[in-house]
Structures are given as C-alpha cells and as structure tokens.
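Observations on the three-dimensional arrangement
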Amino acid sequence: MPSELFSPLPLRSGQVLRNRIVKAAMEENMAGDGQLPDQGLLSLYRRWASGGTGLLITGNVMVHAEALTGPGGVVLDERAPLEPFTAWARAGKSGGGAIWMQINHPGRQIQADMPGVVWGPSDVAVSLGKHSSRFGRPLAMTAEQIEATVTRYAVTARRAEEAGFDGVEIHAAHGYLLSQFLSPLVNKRTDAWGGSLENRARMLLDIVRAVRVTVSPSFAVAVKLNSADFQRGGFDADDARQVIEMLAPLGVDLVELSGGSYESPAMSGRPADSRTRAREAYFLDLARDLVKSSPLPLMLTGGITRRETAEKVLESGVAIIGMGTALAVTPDLPDRWRDGREADHQLRPVTWSDKALASAAGMAQVRHQMRRIARDRRITPNTHPAVALICEQRRQRRALRGYRAWLSTTRGTAGG
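For the structure given in this document, a descriptive report is provided here. Everything numeric in this text was worked out from a predicted model, so none of it was measured.

Moving on: the packing of aromatic side chains. The final tally for this structure, using the stated rule, is five aromatic pairs. When the centroid spacing of 6.4 Å and the interplanar angle of 40 degrees are considered together, the rings of Phe85 and Trp88 count as tilted. Placement of both Phe85 and Trp88 in helix H2 (residues 83–93) is noted, with a separation of three residues, approximately one turn of the helix. The two residues Phe85 and Trp88 agree in class, both being buried. Each ring, one from Trp88 and one from Phe165, has its centre 5.9 Å from the other, and the planes form 90 degrees; the classification is edge-to-face. Within this pair, whereas Trp88 is found in helix H2, its partner Phe165 is found in the loop between helix H3 (143–163) and strand S10 (167–172), the two being separated by 77 residues in sequence. Take Trp88: its relative accessible area is 0%, and that puts it in the buried class.

This next bit is on the side chain of His64. The residue His64 is located in the loop between strand S5 (61–62) and strand S6 (74–75) in this model. Among the residues examined, His64 registers a relative accessible area of 3% and is labelled buried. At 3.4 Å, the side chain of His64 and the side chain of His105 are in polar contact.

Along S10, six of the six residues are buried, which leaves the element largely enclosed by surrounding structure. Side-chain alternation along S10 places Gly167, Glu169 and His171 on one buried face and Val168, Ile170 and Ala172 on a second face that is also buried. As paired elements, strand S7 (residues 98–104) and S10 share four bridges and run parallel to each other. Among the inter-strand pairings, Trp100 is bridged to a residue of S10, identified as Gly167. Bridge analysis of S10 against strand S11 (residues 220–226) gives six bridges, and the strand direction is parallel. Following the sheet pairing, His171 is matched in S11 by Lys224.

The backbone of Asn29 shows a phi angle near 55 degrees, a positive value even though the residue is not glycine. Position of Asn29 among the secondary structure elements: in the loop between strand S3 (21–23) and helix H1 (39–49). Taking relative accessible area as the criterion, Asn29 reaches 9% and is therefore assigned buried. Even without being a glycine, Gln35 presents a positive backbone phi close to 60 degrees. Relative to the helices and strands, Gln35 is located in the loop between S3 and H1.

The next point concerns the packing of H1 against H2. Relative to each other, H1 and H2 sit at 20 degrees, their axes nearing to 7 Å. Regarding the angle of H1 to H2, the classification is roughly parallel. Of the residues in H2, those touching H1 at Leu41, Leu42, Tyr45, Arg46 and Ala49 are Pro84, Ala87, Trp88, Ala91 and Gly92. Within the contact of H1 with H2, the residues separate by chemical class into eight nonpolar, one polar and one charged.

When we look at burial in helix H8 (residues 284–293), the residues that qualify are Leu284, Ala287, Leu290 and Val291. Buried residues along H8 cover an arc of 115 degrees about the axis, so they all sit on one side. Tucked inside the fold, the buried residues of H8 contact helix H7 (237–247), strand S12 (254–258), strand S13 (298–301) and helix H9 (307–315).

This part covers the environment of Thr190. Along the chain, the position of Thr190 falls in the loop between helix H4 (177–182) and helix H5 (197–200). Thr190 sits in the exposed class, given a relative accessible area of 82%. For the pair Thr190 and Arg378, spaced 188 residues apart in sequence, the C-alpha to C-alpha distance is 53 Å.

Take the pairing of S11 next. Within S11, seven of the seven residues are buried, which leaves it mostly tucked inside the rest of the structure. With burial as the criterion, each face of S11 is covered, one bearing Ala220, Ala222, Lys224 and Asn226 and the other bearing Val221, Val223 and Leu225. In this structure, S11 lies alongside S12, joined through five bridges in parallel fashion. In the strand pairing of S12, Val223 is matched with Val255.

The rules behind each value
- Residues numbered from 1 in each chain as written.
- Predicted model: local features only at pLDDT ≥ 70, side-chain atom pairs only at ≥ 80, totals over all residues.
- Heavy atoms only, no water.
- Phe/Tyr/Trp six-rings, centres within 6.5 Å; stacked < 30°, edge-to-face > 60°.
- Helix = DSSP H or I, 4+ residues; strand = E, 2+ residues; numbered from the N terminus.
- Buried < 20%, exposed > 50% of the residue type's maximum accessible area, 1.4 Å probe, protein only.
- Polar contact = N/O pair within 3.5 Å; in protein donor to acceptor, adjacent residues only side chain to side chain.
- Pairing = 2+ DSSP bridges.
- Axes fitted to C-alpha atoms, helices over the stretch in contact; angles between N-to-C directions.
- Parallel < 35°, antiparallel > 145°, perpendicular 65-115°, else oblique.
- Contact = heavy atoms within 4.5 Å.
- Nonpolar A, V, L, I, M, F, W, Y, C, P; charged D, E, K, R; others polar.
- Arc of directions from axis to C-beta.

Here you go:
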C-alpha cells in the first residue's frame with residue numbers, strides 16, 4: 001500500500017524533499033588534513049546517498065576554528081578552502097536526494113585537552129560527576145563574542161550554499177552553545193541574553209535572522225531543538241513550544257526535535273531523568289504534544305529503527321522522521337523499507353550503568369561502523385563497545401595532535 005513515508009514534502013523555501021526519511025546528523029569526527037572533508041567522508045555520503053533517503057544532514061560542521069566538539073571535527077569558516085565542501089555536497093546529492101549542512105558551536109562542551117576557547121553563556125561547567133574534569137572550564141561570553149559568533153554562523157551558511165549544499169541546520173540541541181543559552185540551568189546571565197525565555201532565545205533568533213538574510217530564499221534553513229533537556233529545572237517541552245513559535249516568522253523550513261545533552265544523554269536513550277525510559281522513538285510523546293500547536297513542520301529523531309515505528313511517528317502529525325544509528329548499520333534502510341524489508345542487524349547494546357561512559361561507547365560504536373562504510377567494508381554490529389571506545393580514543397589522540405598543529409600554524413590559538 002502507498003505510504004506517506006515515500007511521499008514528497010514541499011518546504012517554505014520552495015525545496016521539495018523526495019520522501020519523509022532523513023539521515024539525521026551524526027558527528028563523524030572524520031575530518032582529514034586541515035579539518036576538511038576528505039575522501040573517507042565523501043565515500044560515506046555516497047553510500048548513504050544511494051540508499052534512498054530524501055535528505056542527508058551532515059554531522060555538525062564547526063563555525064569557529066578554535067571551538068570544536070572533537071579534534072576530528074570539520075571546520076567551515078571564512079578561510080577554509082571551498083572545493084572539499086563542493087565535493088562533499090556532490091557526493092551527498094549523487095543519489096538524487098538533498099543534502100544540508102548542520103552548523104554548530106560547542107560552547108562549553110569542549111574537552112579539557114583541546115586547544116582554543118571554552119565559552120558559554122555563563123561560567124557554569126559541565127557536570128558529569130567523576131567525568132567532569134574531561135571538559136574545560138567555560139568563560140562567560142562577552143557581548144562582542146556573542147555578536148562575532150552570530151556572524152560566524154552566517155558566514156558558514158553562506159559558504160555552504162556557495163559549495164552546493166541545499167540548506168543548513170542550526171544546531172540548538174544536545175547541550176551545545178545555543179542549547180546552553182536556552183537552558184536556565186546553564187544561562188545565568190542578567191543582560192539581554194539571559195533571564196526570560198525571550199532573552200535566552202535571543203542568540204538563536206539572531207543567528208536565524210542573520211543566516212536567512214545571507215542565503216538565497218530557495219536555500220533551506222532548519223533548526224535542531226531539544227524537545228526537553230531531561231534535567232529538572234532545565235529547558236522543557238513548554239519552552240520548546242514557545243521557541244518554535246518564535247522561529248516561525250523568521251523563514252525557518254522545519255524544526256528537528258531531539259533531546260538531552262552530555263549531562264543527560266537522552267539522544268542515545270540514556271537520560272539522567274528517570275522519568276523518561278529508553279525505547280524506540282524516544283521523544284515521540286513530547287512530539288505529539290508539540291505538533292498540535294507547531295506552526296512549522298517537525299522532524300523527529302531518536303531511536304527509530306523499524307518501518308512500523310516510522311509510520312507511527314508520521315501518524316502523530318510529525319512531517320519527517322530522522323534516523324542516525326540505524327543508517328550507520330544499514331545504509332540502504334529506506335530502500336529496504338520500500339521493498340518491504342527491514343534491517344538485518346542492530347548494534348550490540350551498551351548496558352553499562354555509567355550513563356556518560358555508556359553514551360561515549362555508543363557513539364564510538366556508531367563511528368566505528370561509519371568508518372567501515374567509508375572504506376567499503378562489511379558492517380560488524382557485534383563489535384564490543386569497549387573495543388570501539390578504546391579504538392576511538394586512540395584515533396582521537398592522533399587527531400588531537402593534528403588539530404593542535406593545524407590551529408597553531410594556520411589560525412593561531414588566541415580566543416578572540
């Protein structure tokens with residue numbers, strides 16, 4: 001029978017997605033020399049492009065060379081050469097779908113051994129118990145640094161369009177900088193960027209405005225937003241509803257709903273708040289409530305692995321379903337669904353009681369599979385999470401040496 005999963009979706013920008021299945025952003029941490037996309041990333045995206053998705057959203061691309069979520073992060077700023085990004089866009093569109101670049105600033109969620117800057121709305125550090133020392137101590141941003149960061153987002157969006165991407169997704173979830181500004185637990189400012197929700201949302205709204213006037217009307221602009229932070233007293237579903245209403249007049253095409261942060265990794269099914277349990281479509285209950293009042297199309301990501309679940313999400317009124325881990329294990333899953341088949345494998349579950357360590361191991365498992373896809377090797381879903389984590393840590397150490405050398409020779413290490 002015909003399925004809405006495979007029906008086109010027209011967007012406000014005039015773009016039309018060929019179906020409702022999106023490869024959601026996953027942080028690949030696979031940058032080559034100069035923090036640029038290389039052949040490994042291109043091969044990975046060609047494989048995904050051939051698998052039947054309507055849209056690919058890249059892992060987060062950094063707008064500030066001195067602020068990376070990890071040493072293998074890709075940077076697109078004013079000084080980055082454009083040709084590697086043009087090749088990335090071509091690879092992502094090679095199967096007939098669209099590709100958007102997710103753009104991001106990590107804020108305070110930066111490892112303590114990374115060079116560069118650690119910024120936040122306030123000087124509130126990441127709290128992970130015994131793992132807290134893994135992250136740097138943030139400095140509260142000045143008004144000038146906030147304004148410069150707004151400009152950086154607009155520059156990255158403009159250059160993404162010049163490279164041939166079809167849109168950008170502004171990352172305001174998962175505890176990164178814009179999510180930090182939205183959170184009353186992290187944002188303790190008493191100026192125009194703190195206090196009320198309107199003030200806490202100011203930086204996100206300023207970025208959306210700056211991006212929208214910088215790119216062409218047909219270039220898509222989306223926002224990734226937490227449906228909730230899953231921390232008591234933090235950003236919640238009612239806050240999300242109000243922010244979506246604030247975004248609606250600004251030319252946003254859609255809002256992707258996710259949830260959690262490093263402190264409460266609900267996006268991996270491991271929230272610190274025990275009121276939410278891990279299952280398929282982690283955030284569907286919250287999305288059902290938000291879709292009732294949302295003036296914008298919503299995309300839901302988190303834990304979707306089966307067609308039955310995807311159909312259930314669309315029946316709730318959500319316009320698009322996003323998948324991450326499922327496509328790292330089965331890159332052609334949309335085509336399989338179209339043929340009435342499901343995935344053959346799922347990743348080995350991580351059952352560790354330490355939520356922070358379990359989340360890191362889960363991400364390491366996913367990156368392990370992405371690297372295998374990039375090298376055209378078979379998927380190994382039973383890789384032990386401890387093995388994946390150890391291998392990831394080794395790669396991170398090598399990448400850190402390269403990033404330090406690149407930053408000191410080409411960008412300088414001052415944090416202006």
